[in-house]
Amino acid sequence: MAKKRKAAAWLGIAGLSLSLIAGCAGNSQPASQQGTSPNSTTSAKTMMLGMVNPPVLFNPINSPDVASSFVEGFFFDSLLDMTAPLQFSPELAESFDSKDNQHFTIKLNSKAKWTDGKPITAKDVVFTMNLVANPKVETSVGAYIAPLAGLNDKGKLPDGQTSLDSVKQIDDYTVELTTKQPVDPNMIKEQLGSKLMIMPEHVLKDIPPDKLSQHPFSQKPNVTSGAFQFVQYVKDQYVEVKANPGYYKGAPKLGKVFIKLMPAPNLVAQLQTAEIHLNVGMGIGKIATQDYETVEKMNNVRYKVEPNIGFQTMEINNKTLPDPKVRQAIQYALDRQLIVKQLLKGQGEVIDGPYTSVSPYLNKNVKVTPHDTDKAKQLLKEAGWDFNRTISLVVPTGNLVREQSANIIQQNLEAAGLKVKVTKYDFPTIMQKGRAGDFDLLLIGFTFTLDPDVSSLYGTGGAFNFMKYSNPDMDQLLAQGKAEADLKKRHEIYDQVQALIQKDVPVITLYSDYDMAVVSKKVAVGESKYFGMLYNLNQWDLTGAE
């Protein structure tokens, strides 16, 4: 929310498990001078992926959504990849070590090169981190570098400063990082190592930092480091990438990959007809639970169903709904178990907070808030709620279960006496409304990191804190959690975070739906999975066997 940020969600951008409907990607996609149609069969080494969410842009330090981060993972590498929970494998970094959990030494792979032939050096790593830390730069990954000395809790330098003293180039292929104090090394390896993609200093150094997201490079990156190179994005239809023959881990076995965008119901149909080889999963290419039985009967695919770290939420605008009693009432009004039972066919779980059963930080002693309409009515009366007032529920299109859950949510809230108006929009519009605070209630999904830091959602001014929630006690706990190196003490801190979330209810976690990963039997190497999906991209391959 992903390969690091590559695979999402993780965790989700940010970013973010954010599902929405893309434009229909049928058989009418035009070819262009730059690439071929994803329906072309001219290459036996062309793999087709199915995804629901269209990417927003291709700026690795400011991608607001999981889809963008996933796509970027094909052509940008980070220092490490988390290939299993808290297991890290080298990418651009050959090693990432510390003797005291405060000073970290990164040794880069000297064979790694940008696609223009220039070597990837310590200068690029320093440049990327300084870029993220620059107060003028818009970024969604500031929380990842926030533990570094000299930065505030948003990962920013003081106004007027542009260079981090805590990030030093030792030689061409060695960088040293210094944190404010000793920290959990797994947090640094996951956030700084596996989620921060490195940018080319020699290409971007002359671009005004505050203009990077608007620069053509963020729409069509032409100098990259990954196994594949960007070719084109045909809006709401497909992203095309081609092999990077000079890739430092070895040239890819595939010539091209098309990431096709389509409505969620089309995923199974195109897997069945072999128009796509696998679904992306991770919340951005989910197989609907009502289609599970169809997949189970298909003899041309392999599949698995498993829990994940992604979760769906209903953000509550804390400016328009400032009374915690009202927010608590809304939570009591919701029958989340019904959503899991009826819409997910039991393939999911209800949680209060950002940690699913996959997370080692889930506090199992915190009881999930039950569905209690009478309690909801009581709290609304105690809060002096105006029952003539109408509140807005904003819903992104594309994720069928989420869209259907809006109907249950509306019925639940109306049963408690609330008047609710539901409106639906595509994802870019949802993001605009979220940032502008143009909602009372907003459905949105996230996939963050396995590390428990959730500052970007619950911290004051966090990148995904569209609720405008601000509690000094929460900010203090989040800061303590990031700074604590002792695992037992970290657990205690995040137990308090979960208790405070239940009290303040700034956002309601609706459910975490399990993922069905489906892959064609024509795929020899490559699969949809939460950890390390894109780690061995250059080894992905197809076979003619069914």
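Residues numbered from 1 in each chain as written. Predicted model: local features only at pLDDT ≥ 70, side-chain atom pairs only at ≥ 80, totals over all residues. Heavy atoms only, no water.

Requested: an account of the overall build of the protein, with residues and values cited.
Within the protein, the secondary structure is distributed over 15 helices and 21 strands. Whereas a compact globule of 546 residues would reach a radius of gyration of roughly 24 Å, the protein reaches 23 Å, a difference of no more than 12%. Dimensions of the protein, computed from C-alpha atoms along their principal axes, come out at roughly 65 × 55 × 40 Å. The burial tally for the protein puts 60% of its 546 residues in the buried class. Looking at the protein as shown, the accessible area adds up to about 19,700 Å², and 48% of this sits on carbon and sulfur atoms. (Helix = DSSP H or I, 4+ residues; strand = E, 2+ residues; numbered from the N terminus. Rg over C-alpha atoms; globule rule 2.2 N^0.38 Å. Buried < 20%, exposed > 50% of the residue type's maximum accessible area, 1.4 Å probe, protein only. Areas by Shrake-Rupley, 256 points an atom, 1.4 Å probe, with all protein chains shown as cover.)

Requested: an account of the packing of helix H8 (residues 324-333) against helix H10 (residues 373-382), with residues and values cited.
Angle between the axes and distance between the axes: these two values describe a pair of packed helices. Interaxial distance between H8 and H10 falls to 8 Å at its minimum, and their mutual angle equals 165°. The orientation of H8 relative to H10 falls into the category roughly antiparallel. Like other packed secondary-structure pairs, H8 and H10 cross with a definite hand, here left-handed. Here Lys 325, Val 326, Gln 328, Ala 329, Tyr 332 and Ala 333 of H8 come into contact with H10, specifically with Thr 373, Lys 375, Ala 376, Leu 379, Leu 380 and Glu 382. When grouped by side-chain class, the residues that make up the contact of H8 with H10 number seven nonpolar, two polar and three charged. (Axes fitted to C-alpha atoms, helices over the stretch in contact; angles between N-to-C directions. Parallel < 35°, antiparallel > 145°, perpendicular 65-115°, else oblique. Left-handed = near helix turned anticlockwise from the far one by under 90°. Contact = heavy atoms within 4.5 Å. Nonpolar A, V, L, I, M, F, W, Y, C, P; charged D, E, K, R; others polar.)

Let's hear about the pairing of strand S4 (residues 93-98): which residues, and what values?
The sheet contact formed by S4 and strand S5 (residues 103-108) spans five bridges and is antiparallel. Counterpart to Phe 96 in the pairing with S5 is Ile 106. (Pairing = 2+ DSSP bridges.)

Kindly report on the layout of surface pockets, identifying the contributing residues and their values.
The space that makes up the largest pocket amounts to roughly 490 Å³. In this structure, the largest pocket is lined by 30 residues; those nearest its centre are Lys 154, Gly 461, Gly 462, Ala 463 and Phe 464. Broken down by secondary-structure element, the contributors of at least two residues to the lining of the largest pocket are helix H3 (142-145), helix H12 (427-436), helix H13 (455-458) and helix H14 (472-483). When residues in the lining of the largest pocket are grouped by element, the largest group, four residues, is from H14. Counted by class, the lining of the largest pocket contains ten nonpolar, twelve polar and eight charged residues. (1 Å grid on protein atoms, 1.4 Å probe; cavity = no way out; pocket = protein on both sides within 12 Å on 5 of 7 lines; lining within 4 Å. Points joined across faces, edges and corners; volume = space filled by probe spheres on them.)

Give me the lowdown on the sheet that holds strand S7 (residues 174-178), citing residues and values where you can.
As summarised here, the arrangement of the four strands in space is S4-S5-S7-S6, forming an open sheet in which the pairing is antiparallel. Two strands in the sheet have a free side with no partner beyond their single neighbour: S4 and strand S6 (167-171). Neighbour-to-neighbour, the strand axes of the sheet open up by a mean angle of 20°, direction not taken into account. Packing of helix H4 (residues 185-194) onto the sheet brings it into contact with S4, S5 and S7, and relative to S4 it is tilted by some 145°.

Summarise H10; cite the residues concerned and give the values.
Among all positions in H10, only Ala 376, Leu 379 and Leu 380 are buried. All buried residues of H10 fall inside an arc of 100° around its axis, so they share one side. Relative to its buried face, H10 has exposed residues pointing more than 90 degrees away, namely Asp 374 and Lys 381. Of the residues flanking the start of H10, the one acting as N-cap is Asp 372, its side-chain oxygen 3.3 Å from the backbone nitrogen of Asp 374. Backbone geometry just after H10 places Gly 384 at a positive phi near 70°. (Arc of directions from axis to C-beta. Polar contact = N/O pair within 3.5 Å; in protein donor to acceptor, adjacent residues only side chain to side chain.)

Outline empty space enclosed by the protein, supporting the account with residue identities and numerical values.
Where empty space is left in the structure can be found by rolling a water-sized probe over the atoms. If you add up the space inside the largest cavity, you get close to 130 Å³. The wall of the largest cavity is formed by 15 residues, among which Lys 286, Ile 287, Ala 288, Asn 399 and Val 401 lie closest to the centre. Taken together, the residues of the lining of the largest cavity sort by class into eight nonpolar, five polar and two charged. Here the second largest cavity is characterised by a volume of approximately 100 Å³. Every residue lining the second largest cavity is counted, twelve residues in all, and those nearest its centre are Ala 143, Tyr 144, Phe 448, Asp 453 and Ser 456. Counting residues per element, the ones that place at least two in the lining of the second largest cavity are H3 and H13. Here the lining of the second largest cavity is built from residues that sort into six nonpolar, five polar and one charged.

Explain helix H2 (residues 122-133) to me, using residue names and the numbers behind them.
When the terminal C-alpha atoms of H2 are compared, their 17 Å separation across twelve residues agrees well with the 16 Å that a helix rising 1.5 Å per residue should span. Listing the buried residues of H2 in full gives Ala 122, Asp 124, Val 125, Val 126, Phe 127, Thr 128, Met 129, Asn 130, Leu 131, Val 132 and Ala 133. Structurally, H2 contributes buried residues whose contacts are with S5, H3, S6, S7, H4 and helix H5 (201-204). (Expected span 1.5 Å × (residues − 1).)

Please provide a residue-by-residue account of the side chain of Lys 482, values included.
When you line up the elements, Lys 482 lands in helix H14. One buried charged side chain, Lys 482, makes no salt bridge at all; its nearest oppositely charged neighbour is Asp 453, positioned 4.5 Å away. When neighbours within four sequence positions are excluded, Lys 482 is seen to be in contact with Ala 146, Asp 153, Val 183, Met 187, Asp 453, Ser 455, Arg 490 and Tyr 494. (Lys, Arg positive; Asp, Glu negative; His and termini not counted. Salt bridge = Lys/Arg side-chain N within 4 Å of Asp/Glu carboxyl O.)

Tell me about the side chain of Ser 68, and name the residues and values.
In this structure, Ser 68 sits in helix H1 (residues 66-72). Ignoring sequence-local partners within four residues, the contact set of Ser 68 consists of Pro 55, Val 56, Leu 57 and Ser 63.

If you had to explain the nonpolar core to someone new, which residues and values would you point to?
The biggest cluster of nonpolar side chains holds 83 residues, and the ones touching the most others in it are Leu 49, Phe 70, Phe 74, Leu 79 and Leu 177. Ignoring sequence-local partners within four residues, the contact set of Phe 74 consists of Leu 49, Gly 226, Ala 227, Phe 228, Val 241, Val 257, Ile 259, Leu 534, Leu 537 and Trp 540. By size, the runner-up hydrophobic cluster in this structure holds 34 residues, among which are Met 314, Val 350, Leu 441 and Leu 510. (Core = buried A, V, L, I, M, F, W, Y, C linked by side-chain atoms within 4.5 Å.)

Residues and numbers for the environment of Lys 118, please.
With respect to the helices, strands and loops of the structure, Lys 118 is situated in the loop between S5 and H2. Between the alpha carbons of Lys 118 and Val 223 there is a distance of 9.5 Å; along the sequence they are 105 residues apart. With sequence-adjacent residues up to four places away left out, Lys 118 is seen in contact with Lys 113 and His 202.

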